[in-house]
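Examining the three-dimensional arrangement
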Amino acid sequence: MQFLRKYDMVNNAKESFKQNNLRSINLVEHKNVLVTGGAGFIGSWLVDELVNRGNNVVSVDDLSGGFQSYVNEKSKFIKVDLRDNQKVSKIFEEEKFDTVFHLAAYAAEGQSIFSPIEINDINITPMNNLLVASVNNDVQKFVFTSSMAVYGNQQPPFNEDMPTMPEDPYGCGKAYCESMLKIFSHTYNFDYVILRPHNVYGPRQNLSDPFRNVLGIWINRIMKEKEPYIFGDGAQERAFSYIADLAPAIARAGFESKANGQIINVGSKEVTTINEACQVVLKAMGSKLKPIYLDKRPGEVKYAYCTVEKSEKILNYKTATTLSEGIKMMVKWAKKVGPQEPTYRLPLEITKKAPQVWKEKLV
Ligand SMILES: NC(=O)c1ccc[n+]([C@@H]2O[C@H](COP(=O)([O-])OP(=O)(O)OC[C@H]3O[C@@H](n4cnc5c(N)ncnc54)[C@H](O)[C@@H]3O)[C@@H](O)[C@H]2O)c1
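My aim in this report is to walk through the structure given alongside it, one point at a time. Bear in mind the structure is a predicted one, so any value in this text is a computation, not a measurement. (Residues numbered from 1 in each chain as written. Predicted model: local features only at pLDDT ≥ 70, side-chain atom pairs only at ≥ 80, totals over all residues. Heavy atoms only, no water.)

Mapped onto the fold, valine 281 is located in helix α8 (residues 274–284). The class for valine 281 is buried, based on a relative accessible area of 0%. Every residue in contact with valine 281, bar those within four places of it in the chain, is listed here: Leu215, Trp218, Ile219, Ile222 and Ile327. (Helix = DSSP H or I, 4+ residues; strand = E, 2+ residues; numbered from the N terminus. Buried < 20%, exposed > 50% of the residue type's maximum accessible area, 1.4 Å probe, protein only. Contact = heavy atoms within 4.5 Å.)

Take a look at the structure:
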């Protein structure tokens, strides 16, 4: 009995060693990889992950929302506005990419209904330029970071078989890019993966952006002893996803053949209300401030979270970090960075129905 147990243990260990090796053989890396938005929050974590896996990584970014200091020194950094198709083509001709991860965007979903001209230009034009350059330079695989925003106001949890029904220009832009990618992949025979992350947070999030990522906005305000704002009653539900859980899964999408031609949700399974999330942040910051409740934002979807079984199965994604653990790590990082002055990057092209705190730049 004793022997059998030992024998089983040895065999189990051998089997798991074999599986791990098979897994790494399955992931053929050491590729020439492009990461757009590589100086941004998710992009810079992804670049670290890809560099650590032994790939040659080029990061491109116009630094409109990212920071060059976040870019891994073992990757090559090129500053470029991806709306410039001549420059994009030149980079592709020179660098000969195997795989492209496209993350560059301005993901100001709430603002997008008030600034559709600029936001569509930023989020759509680069996709067209990157697809043309990818086809002309024989890119083998294109991974697009879309968003849960494409599901709109459907009944959550959103699964990948649901139709796209965006409720705002940001979601429309993502749906457009997804369609373009599928069409180009079918026509010109390259592999693609569409990832739909939801509510990502963690260190390196741009704390100066008053329009994006509620946790970062609250942390930045609380650091200045200002009350956090909540639009509506705070009963909105989200599943906040810690970046360190997400980055390996995004990287894996580039090299896992089972992901090819797939749409995959990726992010946390821990659903929380905005009120609860705000309390988690206040507690982690040791603050006694109380949130200020503002009118509901036009177009904000009340309940938004996704099924993630597909990413667990195909990309080995795991919700390993709870919101309170993740927030503690983010707060520790934010305190080192210190409070940031808000940067209002784009004008409100429409002010009708826009929240007063945005019109008066009070966030
Ligand atoms: N953070 C989230 O919760 C979340 C959720 C779902 C999807 N996404 C998507 O993930 C991607 C990355 O998001 P993030 O949170 O890291 O945002 P981010 O703003 O930190 O990163 C985006 C980067 O793109 C760069 N960029 C923007 N426009 C550019 C242009 N024209 N040319 C070159 N670079 C440009 C910015 O400077 C920035 O560094 C985006 O596509 C976003 O839509 C994010």
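Before going further, it helps to examine the site of the ligand. In the neighbourhood of the ligand, 30 residues make up the surrounding shell, with Asp61, Gly65, Leu103, Tyr170 and Val200 lying closest. In the environment of the ligand, a nitrogen atom lies 3.1 Å from a nitrogen or oxygen atom belonging to the backbone of aspartate 62. Compared with its free state, where it exposes 820 Å², the ligand has 97% of that area covered by protein. Counting residues per element, the ones that place at least two in the shell around the ligand are α2 (41–52) and α5 (169–188). (Near = heavy atom within 4 Å. Polar contact = N/O pair within 3.5 Å; in protein donor to acceptor, adjacent residues only side chain to side chain. Areas by Shrake-Rupley, 256 points an atom, 1.4 Å probe, with all protein chains shown as cover.)

Inspection of the entire model under this criterion finds 14 salt bridges. Linking arginine 204 and aspartate 48 is a salt bridge whose minimum nitrogen-to-oxygen distance equals 3.1 Å. Of this pair, arginine 204 sits in the loop between β7 (200–201) and α6 (214–223) while aspartate 48 sits in helix α2; the two residues are 156 residues apart in sequence, bridging distant segments of the chain. This pair shows no difference in class: arginine 204 is buried, exactly as aspartate 48 is. Among the charged side chains, a salt-bridge network with shared partners connects Asp81, Arg83 and Asp121. (Salt bridge = Lys/Arg side-chain N within 4 Å of Asp/Glu carboxyl O.)

Val35, Leu46, Leu50, Phe101, Leu195 and Leu315 are the most contacted members of the largest nonpolar core, which totals 31 residues. When contributions to this core are tallied by element, the ones reaching two or more residues are β1 (32–36), α2, β6 (191–197), α7 (243–253), β11 (262–266) and α9 (309–315). Counting residues in each nonpolar core, the second largest holds 27 residues, with Leu34, Leu82, Val100 and Ala133 among its members. (Core = buried A, V, L, I, M, F, W, Y, C linked by side-chain atoms within 4.5 Å.)

Turning our eyes to something else, we now look at the side chain of arginine 297. Locating arginine 297 in the fold gives a position in the loop between β13 (292–294) and β14 (303–304). Those residues in contact with arginine 297, other than ones at most four positions away along the chain, are Gly110, Phe231, Pro355 and Trp358.

To continue, consider the packing of helix α3 (residues 85–95) against helix α4 (residues 116–136). Between α3 and α4, the least distance of the axes is 9 Å, while the angle of their chain directions is 35°. Where α3 crosses over α4, the two elements pack in a sense that is right-handed. In contact with Asn85, Val88, Ser89 and Phe92 of α3, α4 contributes Asn129, Leu130, Ala133 and Ser134. Among the residues forming the contact of α3 with α4, the class breakdown is 4 nonpolar, 4 polar and no charged. (Axes fitted to C-alpha atoms, helices over the stretch in contact; angles between N-to-C directions. Left-handed = near helix turned anticlockwise from the far one by under 90°. Nonpolar A, V, L, I, M, F, W, Y, C, P; charged D, E, K, R; others polar.)

Another point: the side chain of threonine 145. Topologically, threonine 145 is positioned in strand β5 (residues 141–145). Not counting residues up to four positions away in its chain, the partners in contact with threonine 145 are His102, Leu103, Lys174, Leu195 and Pro197.

The next subject is unusual backbone geometry. Look at the link from proline 156 to proline 157: it is a cis peptide, with omega at 0°. Tracing the backbone shows proline 157 in the loop between β5 and α5. Residues other than glycine seldom take positive phi values, yet asparagine 213 does so here, at roughly 60°. Summarising the element assignment, asparagine 213 is placed in the loop between β7 and α6. The class of asparagine 213 is partly exposed, set by a relative accessible area of 21%.

Right, let's get into the packing of aromatic side chains. Evaluation of the coordinates by the stated rule reveals 10 aromatic pairs. For the ring pair phenylalanine 184 and tyrosine 188, a centre distance of 5.7 Å and an interplane angle of 45° mean the geometry is tilted. Highlighted residues: phenylalanine 184 and tyrosine 188, both in helix α5, separated by 4 residues, approximately one helical turn. Ring pairing ties together the aromatic residues Phe114, Phe211, Phe231, Tyr344 and Trp358, which thus form one cluster. The residue whose ring lies beneath arginine 297 is phenylalanine 231, and the NZ or CZ to ring-centre distance is 5.3 Å. (Phe/Tyr/Trp six-rings, centres within 6.5 Å; stacked < 30°, edge-to-face > 60°. Lys NZ or Arg CZ within 6 Å of the ring centre and 35° of its normal.)

The buried count for β1 comes to 4 of 5 residues, which makes it a mostly enclosed element. In the sheet, β1 pairs with strand β2 (residues 56–61) via 5 bridges, with the strands oriented parallel. Counterpart to leucine 34 in the pairing with β2 is valine 58. Read from β1 through α2 to β2, the crossover connection turns out right-handed. As judged from the 4 bridges shared by β1 and strand β4 (residues 99–102), these two strands associate in the parallel manner. Paired with valine 35 across the two strands is phenylalanine 101, which belongs to β4. (Pairing = 2+ DSSP bridges. Right-handed = clockwise from strand over helix to strand, strands pointing away.)

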